[in-house]
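Residue-level structural notes
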Amino acid sequence: MLLQLLTALAALAGAACSLLAEGSGAAAVAGILPFTAGGFIYLGTVSVIPEILRDSGPCQAFLQLLALLAGVAMMLLIAHYE
């Protein structure tokens, strides 16, 4: 329960930092966005890949990994053309 409280406090601190950095312009976004996206990709792959490899056969696991990589590629394209 203590770790859950710590996680919630960290989320509030992150929200406060983002609200404070809102008016600082594109420089803050250029530094924060890659860090945040990397965190989401890391958490997604750490939690998804072991389940993919455990619960399916090799062909199904390969297709799911391709879908995961396609999602990352779409995020890169959106970020590039935004």
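Just so it is clear, the model here is predicted, and its values are computed rather than measured. (Residues numbered from 1 in each chain as written. Predicted model: local features only at pLDDT ≥ 70, side-chain atom pairs only at ≥ 80, totals over all residues. Heavy atoms only, no water.)

Moving on to the overall build of the chain. Scanning the chain from terminus to terminus reveals three helices and zero strands. Start at the N end of the chain and walk to the C end: the helices and strands fall as α-α-α. Relative to the globule expectation of 12 Å for 82 residues, the C-alpha radius of gyration of the chain, 17 Å, shows a markedly less compact shape. Considering only C-alpha atoms, the chain reaches an extent of 50 × 40 × 10 Å along its principal axes. Relative to its 82 residues, the chain shows a buried fraction of 2%. Accessible surface, the chain: about 6,900 Å² in total, of which carbon and sulfur atoms supply 78%. (Helix = DSSP H or I, 4+ residues; strand = E, 2+ residues; numbered from the N terminus. Rg over C-alpha atoms; globule rule 2.2 N^0.38 Å. Buried < 20%, exposed > 50% of the residue type's maximum accessible area, 1.4 Å probe, protein only. Areas by Shrake-Rupley, 256 points an atom, 1.4 Å probe, with all protein chains shown as cover.)

Attention now moves to the UniProt feature "signal peptide" (unreviewed entry) in the chain. Residues given the UniProt feature "signal peptide" (unreviewed entry) here are residues 1–17. Here residues 1–17 runs as 94% helix and 0% strand, with 24 Å between its end C-alpha atoms. (UniProt positions renumbered as here; feature names shortened; annotations may be inferred.)

Within this numbering scheme, the UniProt entry marks residues 31–49 and 61–81 as carrying the feature "transmembrane region" (unreviewed entry). Helix makes up 100% of residues 31–49 and strand 0%, whereas the separation of the span's terminal C-alpha atoms amounts to 28 Å. End C-alpha to end C-alpha, residues 61–81 measures 30 Å, and it is 100% helix and 0% strand.

Moving on, we come to the environment of A37. With respect to the helices, strands and loops of the structure, A37 is situated in helix α2 (residues 26–55). Sequence separation between A37 and L76 is 39 residues, and the spatial gap between their C-alpha atoms is 10.0 Å.

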